[in-house]
Amino acid sequence: MRRLSYLLLVLSLALALLLGACGQTGPQKFSGSFFGVFDTVVQVTGYADTREEFDRYLSLIEEEFIRYNQLFDIYKNYDNLNNLKTVNDNAGIAPVQVDSEIMELLSLCKTYYQQTDGLVNVAFGSVLGLWHDSREAANSDPDHAALPSESALAEAAQHCDMDNLVLDEAAGTVFLADPDMRLDVGAVAKGYATEKVARYAQQQGADSLVISAGGNVVAVGRPADGRDRWGIGVEDPQNTEGMQSQLVDTVYVSDMSVVCSGDYQRYFEVDGVRYHHIIDPRTLYPGTRYRQVTVLTKDSGTADMLSTALFLMDEQRGRQLLEQYGAQAIYIYADGSSYYTEGMEQYAESLGAQVKEPGNS
């Protein structure tokens, strides 16, 4: 099964409750959505003086998301564009000239690889491709769902060395020195793109909005109705079926990102066992420590990386990484219990955080 949005319905409910204001003067709240980028629904909620102004922002946001989706796509070619599929197709053959955004993201990913003890590895595409193919086959024919073979996984794991990702920033080229190596930036690309798109929209004048791209939420500025923060609902991973997911909590943020990684977004089942999409490079199988990790920090790309890494790390190592980035997190364990990092009390409703109402000091 595949869930196309992660915090989408929850975000809608939280914003409807926290932002609605009858008889409001000045900027009004609008929302819109589109589908087709990063395999998710993107929803935008924000304030503008007119519907036409908001729709202009929405159109700019969609155009930018489409551009980033094409750049980081590993499955499709596009006319007059060298994307990550182009890089993968030329593995072991020749360096590929790429746009600056690809170079920047891959350079960041080399740093992330070191900082996460190799758990966030964009050179892991050969292994992830096997799991992707098994998931797609299971979605098409659940009665014949099957896992990748251990021998195939072991062979693919021989071609995931980040040292074979050669970046020539002066020439603007990317080369995969191993012909069997494949890039997959799924652990970081959506967060990176969402952050870039949000900041671009802000530059264009959109200074009060929230972008939700699946499990990646960026809050730009404050609500223009006088509240000091946006309320972002965090799904309860134990209750995600049906049209309206349950909340495990609501977090209040402004100019911040909220990113979730969990075992219920993309998965398939074999013999009653769920196999999700977050694969541990050490075992070559899905991580089993947590149901969900939610990260709060300033940058959505960083939050995306952190949520993936923390999902695979033990709690102590995860806290060290969070402290390094000045980030906060909510852990939901397999048994449904939770852990909030120190500092979450200023954001989490369950720990006493509140949103300031208009007119209150």
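Heads up: the structure comes first, above all this text.
The shown structure was predicted, so the numbers you read here are calculated from the model rather than taken from an experiment.

1. Points about the packing of aromatic side chains
- Taken as a whole, this structure holds 15 aromatic pairs when the rule is applied.
- These aromatic residues form a ring-pair network of at least three members: Tyr290, Phe311, Tyr331, Tyr333 and Tyr339.
- Note that Arg67 overlies the ring of Tyr68, its terminal NZ or CZ placed 4.7 Å from the centroid.
- Its end group placed over the ring of Tyr267, Arg274 keeps NZ or CZ at 3.9 Å from the ring centre.

2. Considerations on the packing of helix α8 (residues 300-312) against helix α9 (residues 315-325)
- Where α8 contacts α9, the two axes come as close as 10 Å, and the packing angle between them is 170°. Taken as axis vectors, α8 and α9 run roughly antiparallel relative to one another. Relative to α9, α8 is oriented so that their crossing is right-handed. Of the residues in α9, those touching α8 at Thr302, Met305, Leu306, Ala309 and Leu310 are Gly318, Leu321, Leu322 and Tyr325.
- Partitioned by chemical class, the residues of the contact of α8 with α9 number seven nonpolar, two polar and no charged.

3. Some words on the sheet that holds strand β3 (residues 96-97)
- The strand order across the open sheet built from three strands is β3-β5-β4, with neighbouring strands paired in antiparallel fashion. The outermost strands of the open sheet, each flanked by one partner alone, are β3 and β4 (165-168).
- Pairing of β3 with strand β5 (residues 173-176), which is carried by two bridges, proceeds in the antiparallel orientation. Within the sheet, the bridge partner assigned to Val96 lies in β5 and is Val174.
- Strands β4 and β5 of the sheet are contacted by helix α4 (residues 100-115), whose axis makes an angle of about 130° with β4.

4. Some points on the sheet that holds strand β10 (residues 256-262)
- Taken in spatial order, the eight strands line up as β1-β2-β6-β7-β10-β15-β16-β17 in an open sheet, and their pairing is antiparallel. Looking along the sheet, the strands with just one partner apiece sit at the ends: β1 (28-37) and β17 (338-340). Taken pair by pair, the neighbouring strands of this sheet meet at an average axis angle of 10°, ignoring direction.
- Taken together, the four bridges between strand β7 (residues 216-220) and β10 define a ladder with antiparallel strand orientation. Among the inter-strand pairings, Asn216 is bridged to a residue of β10, identified as Val259.
- Strands in contact with helix α2 (residues 51-72) are β1, β2 (40-48) and β6 (209-213); relative to β1, the strand with the most contacts, it is inclined by about 25°.
- Packed on one face of the sheet, α8 meets β7, β10, β15 (290-297) and β16 (328-333) and runs near 150° to β15.

5. A closer look at the side chain of Asp263
- By the secondary structure assignment, Asp263 is in the loop between β10 and β11 (267-270).
- Side chain to side chain, Asp263 and Arg291 meet in a polar contact 2.6 Å long.

6. Topic: the pattern of salt bridges
- On inspection of all chains with the given rule, the structure shows 14 salt bridges.
- Between Lys196 and Glu104 there is a salt bridge; the shortest N-O distance is 3.0 Å. Taken together, the residues span a long stretch of sequence, with Lys196 in helix α7 (residues 189-203) and Glu104 in helix α4 at a distance of 92 residues.
- When its relative accessible area of 36% is taken as the criterion, Glu104 is described as partly exposed.
- With a closest N to O distance of 4.0 Å, Arg199 and Asp255 form a salt bridge. Taken together, the residues Arg199 in helix α7 and Asp255 in the loop between β9 (247-253) and β10 connect sequence positions 56 residues apart.

Quick notes on the rules
Residues numbered from 1 in each chain as written. Predicted model: local features only at pLDDT ≥ 70, side-chain atom pairs only at ≥ 80, totals over all residues. Heavy atoms only, no water. Phe/Tyr/Trp six-rings, centres within 6.5 Å; stacked < 30°, edge-to-face > 60°. Lys NZ or Arg CZ within 6 Å of the ring centre and 35° of its normal. Axes fitted to C-alpha atoms, helices over the stretch in contact; angles between N-to-C directions. Helix = DSSP H or I, 4+ residues; strand = E, 2+ residues; numbered from the N terminus. Parallel < 35°, antiparallel > 145°, perpendicular 65-115°, else oblique. Left-handed = near helix turned anticlockwise from the far one by under 90°. Contact = heavy atoms within 4.5 Å. Nonpolar A, V, L, I, M, F, W, Y, C, P; charged D, E, K, R; others polar. Pairing = 2+ DSSP bridges. Polar contact = N/O pair within 3.5 Å; in protein donor to acceptor, adjacent residues only side chain to side chain. Salt bridge = Lys/Arg side-chain N within 4 Å of Asp/Glu carboxyl O. Buried < 20%, exposed > 50% of the residue type's maximum accessible area, 1.4 Å probe, protein only.

What is shown is where atoms sit, not what they do.
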